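Each chain, written out:
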Amino acid sequence: MPNCPKCQSEYVYEDRDLYICPECAYEWNPNETVEDSDELVVLDSNGTRLADGDSVTVIKDLKVKGAPKDIKQGTRVKNIRLVEGDHNIDCKVDGFGAMKLKSEFVKKL
Ligand SMILES: [Zn+2]
């Protein structure tokens, strides 16, 4: 089996026509055309799909490298932008400025 395209988990399994990742709950059809896989799928902590311009809440205190304080749980972040990579949300956090967050640590509002 291939690794999960979203979180790179090795524990992907097959269910009928779909490949399913047990770690991030991502499902995909290996027979789909390549064009479809260009689409960036970013899921929040509940598995809800996020889109550019969404507002989210941080679900746990997050340490910020180089910052004197953490981003507190419950912090609202407006107008996110989805990007490729491990930290897949590009945004501005009040009091911190521009930064990247992991979608698993936020919840869609
Ligand atoms: Zn995964």
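Bear in mind the structure is a predicted one, so any value in this text is a computation, not a measurement.

**Some remarks on the sheet that holds strand 2 (residues 18-20)**
The three strands lie next to each other as 1-2-3, forming an open sheet whose pairing is antiparallel. Both outer strands of the open sheet, strand 1 (13-15) and strand 3 (27-28), are each paired with one neighbouring strand and no more. In terms of strand pairing, strand 2 meets strand 3 through two bridges, oriented antiparallel. Looking across to strand 3, one finds that Ile-20 is bridged to Glu-27.

**Topic: the nonpolar core**
One recurring pattern in soluble globular proteins: nonpolar side chains tend to sit buried together. Of all hydrophobic cores here, the largest spans 16 residues; its most connected members are Leu-50, Ile-71, Val-77, Ile-80, Ile-89, Cys-91 and Leu-101. Secondary structure elements with two or more residues in this core: strand 4 (56-58), strand 7 (89-93) and strand 8 (97-101). Of all hydrophobic cores here, the second largest spans eight residues; its members include Val-12, Tyr-26, Val-41 and Leu-43.

**Side note on the coordination of the zinc ion**
Ideal donor angles around a metal are set by the shape: a four-donor tetrahedron calls for 109.5 degrees, a six-donor octahedron for 90 or 180 degrees. Listed as protein donors to the zinc ion are Cys-4 (SG), Cys-7 (SG), Cys-21 (SG) and Cys-24 (SG); their distances from the metal cover 2.2 to 2.4 Å. Note that the zinc ion binds four donor atoms; their angles at the metal cover 107 to 112 degrees, and the shape is tetrahedral. Counting gaps between the donor residues of the zinc ion yields the pattern C-x2-C-x13-C-x2-C. One end of the pair, Cys-4, is in the segment before strand 1; the other, Cys-21, is in the loop between strand 2 and strand 3, and 17 residues separate them in sequence. Overall, Cys-4 belongs to the buried group, its relative accessible area being 0%.

Basis of the calculations
- Per chain, residues are indexed from 1 in the order of the written sequence.
- Selection of residues for local features in this predicted model requires a pLDDT of at least 70, selection of side-chain atom pairs for listing and counting requires 80 or more, and totals for whole chains, interfaces and linings are taken over all residues.
- As a convention, hydrogens and water are excluded, and side-chain values are obtained from all of the structure's heavy atoms.
- Strands are labelled as partners when DSSP assigns at least two bridges between them.
- Put simply, DSSP H or I for four residues or longer makes a helix, DSSP E for two residues or longer makes a strand, and each gets a number counted from the N terminus.
- Nonpolar cores are built from buried Ala, Val, Leu, Ile, Met, Phe, Trp, Tyr and Cys residues. Side-chain atoms within 4.5 Å join them into one set.
- Here the term buried applies to any residue with accessible area under 20% of the maximum for its type, exposed to any over 50%, and partly exposed to those in between, with areas from a 1.4 Å probe on protein chains only.
- In this listing, donors mean N, O and S atoms no farther than 2.8 Å from the metal, or 3.2 Å for Na, K and Ca; water is missing from the atoms, so a site can look incomplete.
- Under this scheme a four-donor centre is tetrahedral when all angles range from 85 to 135 degrees, a four-donor centre is square planar and a six-donor centre octahedral when opposite donors are above 155 degrees with the rest from 65 to 115, and any other centre is irregular.

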